[in-house]
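# Coordinate inspection notes
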Amino acid sequence: MSVTSRPLTQTELLIELEPVVAGELDRHLATAKEWFPHEYVPWSDGRTFDGILGGEAWSPEDTSIPEVARVSLVVNLLTEDNLPSYHHEIATTFGRDGAWGTWVHRWTAEEGRHGIAIRDYLTVSRAVDPVALERARMTHMETGFATEHEGMLRQLAYVSFQELATRIAHRNTGKVSGDPHCERLLSRIAADENLHMLFYRNLLAAAFELAPSQTMRAVTDVVTAFQMPGHGIEGFARKSVAIAMAGIYDIRQHRDEVLMPVLRQWKLFDIEGLDADGERAREELAAFLAQLDSAAARFEERRDARRARAAAAGTSL
């Protein structure tokens, strides 16, 4: 690859980066561990639900998992459920041929396990109302998902951050659940998400070498408008506040544990040879990160104050 002074077309980017995709795919396949969803589900704990088989109706008393963990589990699962839309988006952008296509299908197959495993766990453990869960799945999938970030570079930037964000959300949900089965499963899923993040992060690092200014603009556009893929879930704003208040995924974690590690890995603030728009994009990004830091501090102050009031009153958040 050689650095170019002009913006590259989508086709040129795909062709130039394909050898990197092939190398990252080989690394991924050598690193990824085979695992089976059924081994992570405590099947012997299951009971038949009411309905055509005449079992027992679901009740909130069926589970000891904290409500906020159940909210997060449902958000995580509904996010995974939109996999057909995600596959469509990346297959349309990256293509279905060569190393790109092989990765698209491999990624889709690995992500498919996540939804299978979480749904089986939730059903067997009776952690949530299965009727409400199925209705939420239908509503969310009927809405579908369409990326807000056009072009390959922006989509690569988005998933570099999103996969890491998902890893953190899964791991912290498992910890908050208080259930070793849940924590074990979500830790396993988080390991997949981390490998996916590495693939995309390394690929975008190569894009910085190929087209630094173009890639810088893509990263800035994505970071400053970032939303999790489940933002279309009904009641997402309310659910995300509860998740943030519980420390599962909040604005501080988003900045310090997602954005900053990836940006540092790219050595983004040390990149040379940017054109005027590339420099402008980097300045915009630096300003946004400073604003995000201030916003995170304000959120932490509000959360600490709320926790103190709850402790004084002898209640929980």
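Structure's up top.
Now for a description of the structure that goes with this document. (Residues numbered from 1 in each chain as written. Predicted model: local features only at pLDDT ≥ 70, side-chain atom pairs only at ≥ 80, totals over all residues. Heavy atoms only, no water.)

## Side note on empty space enclosed by the protein
What counts here: Two kinds of site are reported from a 1 Å grid over the protein atoms alone, namely cavities, where a 1.4 Å probe fits but cannot get out, and pockets, open sets with protein on both sides within 12 Å along at least five of seven lines, and residues are called lining when an atom falls within 4 Å of a point. Grid points are joined across faces, edges and corners, and a volume is the space filled by probe spheres set on the points. Per the convention used, a helix needs a DSSP run of H or I reaching at least four residues, while a strand needs a run of E reaching at least two, with both numbered from the N terminus. Just so you know the grouping, Ala, Val, Leu, Ile, Met, Phe, Trp, Tyr, Cys and Pro go in nonpolar, Asp, Glu, Lys and Arg go in charged, and all remaining residues, Gly too, go in polar.
Under the definition given, this model contains 2 cavities of 30 Å³ or more. In this structure, the largest cavity occupies an estimated 270 Å³ of space. Lining the largest cavity are 18 residues, and of these Tyr86, Trp107, Tyr158, Val159 and Gln162 lie nearest its centre. Looking at the lining of the largest cavity, the elements that each hand over two or more residues are helix H2 (67–81), helix H3 (83–94), helix H4 (98–125) and helix H6 (152–177). Per-element accounting of the lining of the largest cavity gives the leading share, 6 residues, to H6. Taken together, the residues of the lining of the largest cavity sort by class into 8 nonpolar, 5 polar and 5 charged. Roughly 40 Å³ of volume is contained in the second largest cavity. Around the second largest cavity, the lining residues are Phe145, Thr147, Glu148, His149, Tyr158, Gln227 and His231. Considered class by class, the residues forming the lining of the second largest cavity number 2 nonpolar, 4 polar and 1 charged.

## Some words on the side chain of Asn82
How we decide: Each residue is assigned to one of three classes by its accessible area relative to the maximum for its type, calculated with a 1.4 Å probe on protein chains only: buried under 20%, partly exposed between the two thresholds, exposed over 50%. By the convention used here, residues are in contact when the closest approach between their heavy atoms is within 4.5 Å.
Secondary-structure assignment places Asn82 in the loop between H2 and H3. Judged by relative accessible area, which is 1%, Asn82 ranks as buried. Look past the residues within four positions of Asn82 in its chain and what remains in contact with it is His140, Met141, Gly144 and Phe145.

## Brief notes about the layout of surface pockets
Estimates place the volume of the largest pocket at around 670 Å³. Taken together, 31 residues line the largest pocket, and the ones lying closest to its centre are Met228, Phe236, Ser240, Tyr249 and Asp250. If you list the elements that add at least two residues to the lining of the largest pocket, you get H2, H6, helix H9 (236–245), helix H10 (251–265) and helix H11 (276–313). A class-by-class count of the residues in the lining of the largest pocket yields 17 nonpolar, 11 polar and 3 charged. In terms of lining residues, the second largest pocket is bounded by 18 residues, among which Arg70, Val71, Val74, Arg238 and Lys239 are the most central. Looking at the lining of the second largest pocket residue by residue, the class counts come to 10 nonpolar, 2 polar and 6 charged.

## A few points about the side chain of Arg282
With respect to the element layout, Arg282 can be found in helix H11. Residue classification places Arg282 among the buried residues on the basis of a relative accessible area of 11%. If we ignore the near neighbours within four places in the chain, the residues touching Arg282 are Met216, Thr220, Leu268, Phe269, Asp270, Ile271 and Leu274.

## Digging into the packing of aromatic side chains
Definition in use: Two rings belonging to Phe, Tyr or Trp (six-membered ring only in the last case) form a pair when the distance between their centres is within 6.5 Å. Interplanar angles under 30 degrees mark stacking, angles over 60 mark edge-to-face geometry, and anything in between is tilted. We count a charge as sitting over a ring when the NZ of a lysine or the CZ of an arginine lies within 6 Å of the ring centre and within 35 degrees of the ring normal.
Counted according to the given criterion, the structure contains 9 aromatic pairs. With a centroid separation of 5.5 Å and an interplanar angle of 90°, the aromatic rings of Phe199 and Tyr200 are classed as edge-to-face. Tyr200 shares its class with Phe199; the two are buried. One Lys or Arg, Arg126, reaches over the ring of Phe49 and ends 4.1 Å from the middle of that ring.

## Examining helix H5 (residues 130–143)
Cut-off, in case you're wondering: Working rule for helices: expected span equals 1.5 Å times residues minus one. Whenever a nitrogen or oxygen atom comes within 3.5 Å of another N or O atom, the pair is scored as a polar contact, on the condition that within protein one atom can donate a hydrogen and the other can accept it, and that pairs from neighbouring residues in sequence are kept only if both atoms are in side chains.
With 14 residues, H5 ought to run about 20 Å at 1.5 Å a step, and its terminal C-alpha atoms sit 20 Å apart, in line with that. For H5, the N-terminal capping position is held by Asp129, with its side-chain oxygen 3.0 Å away from the main-chain nitrogen of Val131. Count one or two residues on from H5 and you reach Gly144, which has phi positive near 75°.

## Observations concerning unusual backbone geometry
Here Arg126, not a glycine, exhibits a phi torsion of approximately 55°, which is positive. Summarising the element assignment, Arg126 is placed in the loop between H4 and H5. You will see that Lys267, though not glycine, has its phi angle at about 50°, which is positive. Within the secondary structure, Lys267 sits in the loop between H10 and H11.

## Details of the pattern of salt bridges
Oppositely charged side chains are able to pair whenever their charged atoms sit close together. As a reminder, the rule being used: Any carboxyl oxygen of Asp or Glu that lies within 4 Å of a side-chain nitrogen of Lys or Arg is treated as forming a salt bridge with it.
Summed over all chains, the structure comprises 20 salt bridges. Put simply, Asp81 and Arg119 hold a salt bridge, and the shortest N to O gap is 2.8 Å. One end of the pair, Asp81, is in helix H2; the other, Arg119, is in helix H4, and 38 residues separate them in sequence. Classification of Arg119 by relative accessible area gives partly exposed; the value is 22%. The residue Arg255 makes a salt bridge to Asp256 at a minimum N-O spacing of 2.9 Å. Classification of Arg255 as buried rests on a relative accessible area of 15%.

## Quick look at H6
Helix length check: H6, at 26 residues, gives a terminal C-alpha distance of 37 Å against a target of 38 Å (1.5 Å per residue), a fit within 8%. Most of H6 sits out of view: 21 of its 26 residues are buried.

## What about the nonpolar core?
Heads up, the condition is: Put simply, buried Ala, Val, Leu, Ile, Met, Phe, Trp, Tyr and Cys residues joined by side-chain atoms within 4.5 Å make one nonpolar core.
Ranked by internal contacts, the top residues of the largest apolar core, which has 87 residues, are Phe161 and Val219. For this core, the leading source of residues is helix H7 (residues 180–210), giving 15 residues.

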